[in-house]
Amino acid sequence: MTLSVEVRDLTIRYGDTVAVDGLTLKLAGGKIYGLLGRNGSGKTSVLSAVSAFRRATSGAVLVGGAEPFENAALTRQICFVRDKVDAQDTDHARAVLRMARALRPNWDEEYAQALLERFDLPIGKRLGALSRGAKSALSVTLGLAARAPLTIFDESYLGMDAPSRYAFYEEVLNDYMAHPRTIIISTHLIEEVGSLFEEVVILDKGRLVAHDETEALRGRGVAVTGPAGAVADFTAGRTVLGDQRLGGIRSTTIYGQLSDEERARARAAGLDLGPVGLQDLFVHLTAEAHR
Amino acid sequence: MFDDRSPIYLQIADKIKEDILSGALGEDEQVMSTNQYASFYRINPATAAKGFQQLVEEGVLYKRRGIGMFVSPDAREKLRTERRERFFEEVVDAMIAEARVIGISLDEIVRRVEGAK
């Protein structure tokens with residue numbers, strides 16, 4: 001079972017601060033989605049509203065077609081995973097696991113044990129005595145073993161070192177293939193995890209910047225490099241994401257697909273067309289200059 | 001494994017073509033399943049499926065329902081023919097252009113090629 005996610009004209013305000021600004025977004029479900037955005041872009045606010053941890057200031061949130069807020073039957077199907085566990089420092093890791101087992105209808109105890117072993121987690125300790133990395137790993141373990149139809153990892157990897165993060169990515173992918181469900185991963189470590197996403201959503205300042213298949217976004221940016229005048233002629237009237245000069249050479253990053261005819265014209269003008277990776281595209285799309 | 005700068009499904013298709021050309025994958029040999037491939041290279045299974053689909057459309061792979069994907073019997077020959085057609089344009093012409101830029105004469109190149117016989 002998987003759940004769709006729909007957000008309609010969602011606005012979330014904290015006092016005078018607008019965290020989410022009229023966001024409309026539709027995820028069909030059953031895929032691994034990447035939610036990308038800089039710090040303060042509204043990622044956590046959106047995901048908190050989707051998980052019913054927070055009420056929208058205005059607009060609608062629908063999960064599987066229903067409102068999740070104060071809907072216990074639905075929220076049992078939604079698992080929101082942060083970089084630490086929502087429990088007291090004095091609680092034992094073992095008690096936290098027991099609680100999750102009781103609350104989660106699809107809980108897989110065998111898988112939970114395998115994850116504890118893989119992340120080398122000391123379950124006899126109190127949460128307060130765990131390292132940051134161990135707290136993240138425990139949180140991720142709870143999220144994966146819950147097998148919730150909608151599972152959201154909100155920068156859950158934050159305390160983890162690189163080997164643990166890669167173990168986490170591997171577990172997400174393999175468990176998703178074995179038990180298909182809707183998974184949303186918010187991150188800005190795009191180079192590490194980008195290949196896991198079927199679709200990518202990019203937020204900036206609480207607004208939607210892009211939502212597309214990852215493979216379509218990869219290669220949507222083009223870096224046009226060559227003599228300054230020729231570059232300016234070719235890129236005139238296009239969406240320019242970035243611009244650099246070195247002496248008489250100019251390199252302009254543009255957004256949008258080029259036709260074969262346009263590519264041929266660029267080559268004839270002595271211009272070099274280079275690809276722009278997902279990470280670079282994200283940096284350009286959310287750069288200060290565009291804000 | 002795959003770089004971030006071009007669609008991964010095209011990189012997958014290219015990699016499998018290389019394996020067929022080198023003989024690492026023989027004709028009628030079964031290729032990894034989408035999930036095995038995704039797990040091995042840590043990529044989304046939909047991306048892997050897209051790469052395989054591309055090769056089915058090009059006639060490089062064929063599907064056996066319920067079993068998996070296999071290398072077409074004529075795939076290697078077809079790929080070699082394609083590569084040969086591109087060889088002079090992409091490799092030889094590019095070499096000659098580079099030689100002109102850095103001042104190597106065609107006679108020198110011919111002598112080198114003769115020496116490799």
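Once a new chain begins, its residue numbering starts again from 1 and follows that chain's sequence as written. Lettering of chains starts at A and numbering of ligands starts at 1, both following the order in which they are written. It should be noted that, the model being predicted, local features are given only for residues of pLDDT at least 70 and side-chain atom pairs only at 80 or more, the latter also being counted only at that level, while totals for whole chains, interfaces and linings use all residues. In computing side-chain properties, one takes all heavy atoms of the structure into account and sets aside hydrogens as well as water.

## Description of the interface of chain B and chain A
For interface size, the figure often reported is the accessible area lost on association.
And then number 1: By definition, residues are in contact when any of their heavy atoms lie within 4.5 Å. Each partner contributes residues to the interface: chain B has 16 residues there, and chain A has 23 residues.
And then number 2: Salt bridges are defined by distance alone: a side-chain nitrogen of Lys or Arg within 4 Å of a carboxyl oxygen of Asp or Glu. Between chain B and chain A we count one salt bridge in total.
And then number 3: Where B:K50 meets A:E213, a salt bridge forms, and the shortest distance between an N and an O atom there is 3.7 Å.
And then number 4: Nitrogen and oxygen atoms within 3.5 Å of one another constitute a polar contact, given that in protein one can donate a hydrogen and the other can accept it, and given that sequence-neighbouring residues count only through two side-chain atoms. For the interface between chain B and chain A, the tally reads six residue pairs in polar contact (both at pLDDT 80 or more).
And then number 5: Helix numbering and strand numbering both begin at the N terminus, where a helix is a DSSP run of H or I of at least 4 residues and a strand a DSSP run of E of at least 2. It is helix α3 (residues 45–57) of chain B that provides the largest number of residues to the side of chain B that touches chain A, a total of four residues.
And then number 6: Amino acids outside the nonpolar list (Ala, Val, Leu, Ile, Met, Phe, Trp, Tyr, Cys, Pro) and the charged list (Asp, Glu, Lys, Arg) are all regarded as polar, and Gly is one of them. For the side of chain B that touches chain A, a count of residues per class yields seven nonpolar, five polar and four charged.

## Describing the UniProt feature "domain: ABC transporter" (unreviewed entry) in chain A
And then number 1: This chain's UniProt record puts "domain: ABC transporter" (unreviewed entry) on residues 5–230 of chain A.
And then number 2: Annotation note: span residues 5–230 of chain A, helix share 33%, strand share 30%, distance between end C-alpha atoms 45 Å. UniProt positions are given in the numbering used here, feature names are shortened, and annotations may be inferred rather than shown by experiment.

## So, the pattern of salt bridges
And then number 1: Scanning the entire structure with this criterion turns up 24 salt bridges over all chains.
And then number 2: Measuring nitrogen to oxygen at the nearest pair gives 3.9 Å for the salt bridge that ties A:R265 to A:E261. With A:R265 and A:E261 both in helix α10 (residues 260–268), this residue pair falls four residues apart, about one helical turn.
And then number 3: The exposed category is assigned to A:E261, whose relative accessible area is 53%.
And then number 4: For B:E114, the salt bridge identified is with B:K117, shortest N-O distance 3.4 Å.
And then number 5: Throughout this description, buried means an accessible area under 20% of the type-specific maximum (1.4 Å probe, protein chains only), exposed means over 50%, and partly exposed covers the range between. The class for B:E114 is partly exposed, based on a relative accessible area of 44%.
And then number 6: Judged by its relative accessible area of 82%, B:K117 falls in the exposed class.
And then number 7: One salt-bridge network, in which partners are shared between bridges, spans A:D108, A:R147, A:D175 and A:R181.

## With respect to the layout of surface pockets
Residue and element names in this part refer to chain A.
And then number 1: In this analysis a 1.4 Å probe is tested at points of a 1 Å grid over the protein atoms alone, and where it fits but cannot get out there is a cavity; an open set with protein on both sides within 12 Å along at least five of seven lines is a pocket; lining residues have an atom within 4 Å of a point. Grid points are joined across faces, edges and corners, and a volume is the space filled by probe spheres set on the points. Looking at the largest pocket, its volume works out to about 590 Å³.
And then number 2: Residue lining of the largest pocket: 23 residues in total, with F80, D86, L103, R104 and L142 positioned closest to the centre.
And then number 3: Elements with a minimum of two residues in the lining of the largest pocket: β5 (78–81), α3 (93–103) and α5 (132–145).
And then number 4: Split by residue class, the lining of the largest pocket holds 13 nonpolar, four polar and six charged.

## Things to note about a nonpolar patch on the surface
And then number 1: Candidate patch residues must exceed 30% relative accessible area and have no salt bridge, after which like charges are joined if within 9 Å and Val, Leu, Ile, Met, Phe, Trp or Tyr side chains if within 5 Å. Each accessible area is a Shrake-Rupley result for a 1.4 Å probe, and residues are judged covered by the shown protein chains and nothing else. Judged by side-chain polarity, B:F87, B:F88 and B:V91 come together as a nonpolar surface patch covering roughly 310 Å² of accessible area.
And then number 2: With a relative accessible area of 55%, B:F88 lands in the exposed category.

## Digging into the environment of B:A97
And then number 1: Topologically, B:A97 is positioned in helix α4 (residues 75–102).
And then number 2: Along the sequence, B:A97 and B:A75 sit 22 residues apart, while their C-alpha atoms lie 32 Å from each other.

## Overview of the domain arrangement of chain A
And then number 1: The assigned domain composition of chain A is domain 1 (5–216) and domain 2 (221–275).
And then number 2: By convention here, the domain bounds are inherited from an automatic or database domain assignment. Taking only C-alpha atoms, the centre of domain 1 of chain A and the centre of domain 2 of chain A are 39 Å apart.

## Regarding α5(A)
Given 3.6 residues per turn, any residue in an α-helix points the same way as the ones three and four places further on.
Residues and elements named next belong to chain A.
And then number 1: Between the first and last C-alpha of α5 there are 20 Å, a value that for 14 residues agrees with the 20 Å anticipated at 1.5 Å per step.
And then number 2: With respect to burial, α5 is a largely interior element, 12 of its 14 residues being buried.
And then number 3: Along α5, the residues classified as buried are G133, A134, S136, A137, L138, S139, V140, T141, L142, G143, L144 and A145.
And then number 4: Structurally, α5 contributes buried residues whose contacts are with β5, α3, α4 (109–118), β6 (150–154) and α6 (162–178).
And then number 5: Two residues or fewer after α5 comes R147, characterised by a positive phi angle close to 50°. For a helix, the expected span equals 1.5 Å multiplied by the number of residues minus one.

## Regarding empty space enclosed by the protein
Residue and element names in this part refer to chain A.
And then number 1: If you walk through the whole model with that rule in mind, you get one cavity of 30 Å³ or more.
And then number 2: In this model, the largest cavity occupies a volume close to 80 Å³.
And then number 3: Taken together, V5, V7, L25, L27, L35, V46, L47, V50, I184 and V201 make up the full set of residues lining the largest cavity.
And then number 4: Those elements that place two or more of their residues in the lining of the largest cavity are β1 (5–14), β2 (17–27) and α1 (43–50).
And then number 5: If you tally residues by element for the lining of the largest cavity, the top one is α1, at three residues.
And then number 6: Taken together, the residues that form the lining of the largest cavity break down as 10 nonpolar, no polar and no charged.

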